[in-house]
Protein chains: 2
Amino acid sequence: MNAEIISVGTELLLGHTINTDASFVARELSAAGINLLYTCTVGDNPERLKDAVETALDRSDAVITTGGLGPTGDDLTKETVAACAGKKLVMDQASMDHIEKYFKGRLLSPTQKKQAMLPEGCTVFPNHVGTAPGCGFRSANGKLVAMLPGPPSELIPMLKDCAVPFLLKDTENAAIVSRIVRVFGLGEGYVAEQIADLCEKTNPTSATYAKDGEMFVRVTARAETSEKAAAQCEPVVEDLKERLGEFCYGVDVESLEEAVVRLLAERHLTVATAESCTGGLVAKRITDIPGSSAVFHMGAVTYANEIKTKLLGVPEDVLKQYGAVSPQVAKLMAQGVREAACSDFGIGITGIAGPDGGTPEKPIGLVYLALSDGKDVWVREMRNTGCTKGRGYVRFLAASNALDMIRRRVLGLGGMEYAAYSREKHAG
Amino acid sequence: MNAEIISVGTELLLGHTINTDASFVARELSAAGINLLYTCTVGDNPERLKDAVETALDRSDAVITTGGLGPTGDDLTKETVAACAGKKLVMDQASMDHIEKYFKGRLLSPTQKKQAMLPEGCTVFPNHVGTAPGCGFRSANGKLVAMLPGPPSELIPMLKDCAVPFLLKDTENAAIVSRIVRVFGLGEGYVAEQIADLCEKTNPTSATYAKDGEMFVRVTARAETSEKAAAQCEPVVEDLKERLGEFCYGVDVESLEEAVVRLLAERHLTVATAESCTGGLVAKRITDIPGSSAVFHMGAVTYANEIKTKLLGVPEDVLKQYGAVSPQVAKLMAQGVREAACSDFGIGITGIAGPDGGTPEKPIGLVYLALSDGKDVWVREMRNTGCTKGRGYVRFLAASNALDMIRRRVLGLGGMEYAAYSREKHAG
């Protein structure tokens, strides 16, 4: 099945809203085995929208529109698409009831009521977040049409729960299950090579994605029922976990920080952080996760040397002798914050995020990360030197490495210092 | 002038790359007074690209392509667009020299050399970041065509420096200057009303944008020269600053944190942060700014009550009596961290970011922010209750409010506690 997305909204053509809806729909269509051949964006202009819809109904098997279903005067998608597809709009009582309930008895304007007008005989996609329902139907020329609202919080659940099943309803194996296998410490290219045989298979499909210094593999199966599709995914996910080994940090988790917070919580362990160049980013990422208060009691951002001494007990002479950006200082920061917080683990991070402050011996991108468990302390050196992605990227990647060290220590995986660094032991 | 963007790349249709290029081009075209009527995306497929280009050359005055200029086999934009536009590709020696220099004498593959092939008679857009040049030319049917590379780091400077001037070269007033006036504490709707007369004017144009709990106004003027355009912007920018008053935190700055770091640095002032619900986000945002080490020496993330007591000196009985989420605790956190860091200002933040932990008296979204200057202490209460944007948004907005309080205190603006809260004075 070949598909096309039409995004409707003048705000998209002015460039102040990035069209994340189109990417999201594209990803779900790809996972569903539907070939997306075109996407286009038009403003809130009925003539140009009509042109785009007519072209799409002519050349594609399925047309998905996003946006323009709301109550305002410039929301014209339904009227225009229905006219192009040879459909009359009729009032859908269930949608009207939902809108009335949403407004809790307040008087509805005619434009609010307009939202309950849907193409005759369509499949209604209920909106559990906002007021405008979506819908799916077949056009007079036999093409599948799905209309979705623009706000991502409304579009995302409706797409997954209603639109994709609608598009697949007449195809075999309409149930789809996707699993996400997340990986830190291996490049996308390397993983793609290791799993090339899996990526060539069609059901389940496996595809690699890279993002923010890490990567993931998406496994998608189609079958008659969700249970069967899930069962088809299972051996591939297990195979991936086996092949990716200790670099796979989780399946169906959102992020490294989520995996780390869950792991610490399960084992009733706590961590404290002392950050210099990352400036609170590790603490921020840990506390992004609901429930992190059980595993994280204290973080210190020690930008100045005096604060490293005062708060973490890093001796002045060590700072003088080795410099603030050194494995020695990272270690003492990790040990100092662990003791101050009385936590199981302490993290210390010191480095040069740029754009200034680099020297030939200590270039921009050099970061030392230490983890102390009260007995041992490990140091990882990161040299993202020559990286053109800037300060933000160096900081993010350093924070990810700190999270990786916590995970590796809790699971006893080794690799704390990368292969290049020998394990050093110190009394805590 | 009516324009159209064609984005080329299969990765965009698979949904794993969000098309930020299209938004960026859209924004610049809008600022340049060029009407963007359509954007479309096609994969690395010559037939479908040809269709899209032919349609665009037929219905639009200007066509801008992004992507597909690189050296690999699926980079087909130049060949396809040139053929549609009735142009022959010829070797551009300057581009070839640049590519050879880029590869430092290593042997060039034929596909690398392909990048220097450009439509005959075109204006070359040099690529100072990567290898593939862009270009601009007139098609056989008299339409303007600009081709840009896909990577944003290459596209952005080439668009501003070459493509927009190329598109405007035959129009009057081809020089464009934009200024950004940033605002915190006023809604977009309110500002749009206050400046409706300016938004209706055409040269300079003024347009409002909302993002992440704040808003900005973009002022754009066109004239024969940049100097004249800048001079036209100036009175409008001054007028906006006057109308928006203390809510305008900067002109041509990137963010509230940049404005705050600059302001503190100018006045040789320092700030320290003690964060509970924001978990290090204020520290992270301050240290996102290069040079922040001059104004920020210490941040504390005190998630647990014991740490608030131990690190910041918040008495246990105050925590017991008022609860951790209280104006009293916020104040003591601000005072405690200021003293610990020996800084000019201390920030204390405590609240309930959700999704759990809310009670009827202290609902999710309730945050207390305090600023101490060693003599006075101010508390701001935020009640983002019922906000559906979630934990991340509550945290971000709280951090922005903390930054706003710093700015207001440094500038002596008042409004530290919003109108709803009376100023409370306490010995530091």
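Only a predicted model underlies this, so the values are computations on that prediction, with no experimental measurement involved.

Quick notes on the rules
Residues numbered from 1 in each chain as written. Chains lettered and ligands numbered in written order. Predicted model: local features only at pLDDT ≥ 70, side-chain atom pairs only at ≥ 80, totals over all residues. Helix = DSSP H or I, 4+ residues; strand = E, 2+ residues; numbered from the N terminus. Contact = placed C-beta atoms within 7 Å. Least-squares fit on C-alpha atoms with pLDDT ≥ 70 in both. Buried ≥ 20, exposed ≤ 12 C-beta atoms within 10 Å, placed from the backbone. Domains from an automatic or database assignment. Nonpolar A, V, L, I, M, F, W, Y, C, P; charged D, E, K, R; others polar. Pairing = 2+ DSSP bridges. Axes fitted to C-alpha atoms, helices over the stretch in contact; angles between N-to-C directions. Parallel < 35°, antiparallel > 145°, perpendicular 65-115°, else oblique. Left-handed = near helix turned anticlockwise from the far one by under 90°. Core = buried A, V, L, I, M, F, W, Y, C linked by C-beta atoms within 7 Å. Expected span 1.5 Å × (residues − 1). pLDDT = per-residue confidence, 0-100.

### Some thoughts on the overall build of chain A
Tallying secondary structure elements over chain A gives 16 helices and 17 strands in all. Along the first, second and third principal axes, the C-alpha atoms of chain A reach 80 × 50 × 40 Å. At a minimum sequence separation of 6, the contacts of chain A that also span at least 24 residues come to 65%.

### Brief notes about the relation of the copies chain B and chain A
Mapping chain B onto chain A leaves a residual RMSD of 0.2 Å; the transformation is a rotation of 180° accompanied by 0.2 Å of translation along its axis. The transformation just described matches what one would write down for a two-fold rotation axis. Relative to the rotation axis, the closest C-alpha in chain B is found at Cys40 of chain B, a distance of 2.0 Å. Both copies present the same face, since 100% of the interface residues in chain B are matched by interface residues at the equivalent positions in chain A.

### Overview of unusual backbone geometry
In this chain, Asn203 of chain A is followed by Pro204 of chain A through a cis amide linkage whose omega measures 5°. Among the secondary structure elements, Pro204 of chain A is positioned in the loop between helix H9 (196-200) and strand S10 (205-211). Here the amide bond leading from Gly354 of chain B into Pro355 of chain B is cis, since omega sits at 0°, within 30 degrees of zero. Here Pro355 of chain B lies in the loop between strand S15 (345-351) and strand S16 (366-372). Within the chain, His268 of chain A stands out as a residue other than glycine whose phi angle is a positive 55°. Locating His268 of chain A in the fold gives a position in the loop between helix H11 (256-266) and strand S13 (271-275). Residues other than glycine seldom take positive phi values, yet Cys342 of chain B does so here, at roughly 50°. On the secondary structure map, Cys342 of chain B appears in the loop between helix H15 (327-341) and S15. Accessibility expressed as a C-beta count within 10 Å gives 15 for Cys342 of chain B, which makes it partly exposed.

### Some remarks on the domain arrangement of chain A
Partitioning chain A into structural domains gives domain 1 (2-168), domain 2 (175-251) and domain 3 (256-411). Using only C-alpha atoms to locate each centre, domain 1 of chain A and domain 3 of chain A end up separated by 47 Å.

### So, the interface of chain B and chain A
Where interface size is quoted, it is often the accessible area lost as the parts come together. Opposite the 48 residues of chain B that make contact, chain A presents 48 residues. Of all the elements in the fold, those that place two or more residues in the side of chain B that touches chain A are helix H2 (20-31), strand S2 (35-42), helix H12 (281-287), strand S14 (296-302), helix H13 (305-312) and helix H16 (391-411) of chain B. Taken together, the residues that form the side of chain B that touches chain A break down as 25 nonpolar, 17 polar and six charged.

### Things to note about the sheet that holds strand S11 (residues 214-223) of chain A
Two orientations exist for strands paired in a sheet by backbone hydrogen bonds: parallel and antiparallel. Residues and elements named next belong to chain A. With antiparallel pairing, the four strands of this open sheet are ordered in space as S10-S11-S9-S12. Unpaired on one side and paired on the other, S10 and strand S12 (248-251) mark the two borders of the sheet. The mean angle between the axes of side-by-side strands here comes to 25°, regardless of whether they run parallel or antiparallel.

### Section: the packing of helix H3 (residues 46-59) of chain A against helix H4 (residues 77-84) of chain A
Packed helix pairs are specified by the crossing angle of their axes together with the interaxial distance, meaning the distance between the axes. Residues and elements named next belong to chain A. Closest axis-to-axis distance for the H3/H4 pair is 9 Å, and the angle between their directions is 45°. By the angle class used here, H3 and H4 are oblique. Both H3 and H4 take part in a crossing whose hand is right-handed. Of the residues in H4, those in contact with Pro46, Leu49, Lys50, Val53, Glu54 and Leu57 of H3 are Thr77, Thr80, Val81 and Cys84.

### Description of the packing of helix H2 (residues 20-31) of chain A against helix H7 (residues 152-168) of chain A
Residues and elements named next belong to chain A. The interhelical angle for the contact between H2 and H7, taken along N-to-C directions, is 20°, at an axis separation of 11 Å. By the criterion of interaxial angle, the relationship of H2 to H7 is roughly parallel. Handedness of the crossing formed by H2 with H7: right-handed. Within the contact between the two elements, H2 uses Thr20, Asp21, Phe24, Val25 and Glu28 and H7 uses Pro152, Leu155, Ile156, Leu159, Lys160 and Val164.

### Examining the sheet that holds strand S16 (residues 366-372) of chain A
The mixed open sheet is built from ten strands, whose spatial order is S17(A)-S16(A)-S15(A)-S13(A)-S14(A)-S14(B)-S13(B)-S15(B)-S16(B)-S17(B). Two strands in the sheet have a free side with no partner beyond their single neighbour: strand S17 (377-383) of chain A together with strand S17 (377-383) of chain B. For this sheet, the mean angle separating the axes of adjacent strands, direction not counted, is 10°. Helix H13 (residues 305-312) of chain A rests against S13 and strand S14 (296-302) of chain A together with S14 of chain B of the sheet, and its axis sits at about 150° to S14 of chain A. The strands touched by H15 of chain B within the sheet are strand S13 (271-275), S14, S15, S16 and S17 of chain B, with S15 of chain B carrying the most contacts at an inclination of about 145°.

### Re the pairing of strand S7 (residues 134-138) of chain A
All names here are of chain A. Counting buried residues in S7 gives four out of five residues, a clear majority hidden from the surface. Pairing of strand S6 (residues 123-125) with S7, which is carried by three bridges, proceeds in the antiparallel orientation. If you follow Thr123 over to S7, its bridge partner there is Gly136. Inspection of the sheet shows S7 paired to strand S8 (residues 144-148) by four bridges, in the antiparallel sense. What sits directly across from Cys135, in S8, is Met147. Counting the residues in the hairpin turn of S7 and S8 gives five residues, including Gly142, whose phi is positive at 85°.

### Description of the environment of Arg106 of chain A
Within the fold, Arg106 of chain A resides in the loop between helix H5 (93-102) and helix H6 (110-114). C-alpha of Arg106 of chain A to C-alpha of Pro151 of chain A: the two residues are 45 residues apart in sequence and 23 Å apart in space.

### Some words on the nonpolar core
Membership of the largest hydrophobic core comes to 258 residues, with the highest contact counts inside it found for Ala163 of chain A together with Ala163 of chain B. In contact with Ala163 of chain B, not counting residues within four places along its chain, are Ile64, Phe125, Gly134, Gly136, Ala146, Leu148 and Met158 of chain B.

### Some thoughts on the pairing of S15 of chain B
Residues and elements named next belong to chain B. Counting buried positions over the seven residues of S15 gives seven, a clear majority of the element. Note that S13 and S15 share five bridges and pair parallel. Pairing of Glu275 across the sheet is with Ile349, part of S15. Taken together, the six bridges between S15 and S16 define a ladder with antiparallel strand orientation. In the strand pairing of S16, Thr350 is matched with Tyr368.

### Some words on H2 of chain B
Residues and elements named next belong to chain B. Its twelve residues place the ends of H2 17 Å apart at the C-alpha level, agreeing with the 16 Å of an ideal helix rising 1.5 Å per residue. The buried fraction of H2 amounts to nine of the twelve residues, a majority that puts the element mostly inside the structure. Here H2 has its buried residues at Asp21, Ala22, Ser23, Val25, Ala26, Glu28, Leu29, Ser30 and Ala31. At the exit of H2 stands Gly33, carrying a positive phi of roughly 75°.

### Let's talk about the confidence of the model for chain A
All names here are of chain A. For chain A, per-residue confidence averages 91 on the pLDDT scale, and residues scoring 70 or more make up 96% of the total. Below pLDDT 50 for its whole length, residues 419-428 participates in 14 contacts with residues either more than four positions away or in separate chains. The ipTM value of the predicted complex is 0.82, and its pTM value is 0.83.

### Points about helix H4 (residues 77-84) of chain B
Residue and element names in this part refer to chain B. Across the eight residues of H4, six count as buried, placing the element largely inside the fold. At its buried positions, H4 is contacted by strand S1 (2-8), helix H3 (46-59), strand S3 (62-66), strand S4 (89-91), strand S5 (117-119) and strand S8 (144-148). Once H4 ends, the next one or two residues include Gly86, with phi positive near 75°.

### A closer look at the environment of Ser293 of chain A
Tracing the chain through its elements places Ser293 of chain A in the loop between helix H12 (281-287) and S14. Here the alpha-carbon distance between Ser293 of chain A and Thr270 of chain A, two residues 23 residues apart in the chain, equals 9.3 Å.

### What about the environment of Gln194 of chain A?
Residue and element names in this part refer to chain A. Along the chain, Gln194 falls in helix H8 (residues 188-194). Judged by C-beta crowding, with 15 C-beta atoms within 10 Å, Gln194 ranks as partly exposed. Taking the C-alpha atoms as reference points, Gln194 and Glu172, separated by 22 residues in sequence, lie 31 Å from one another.

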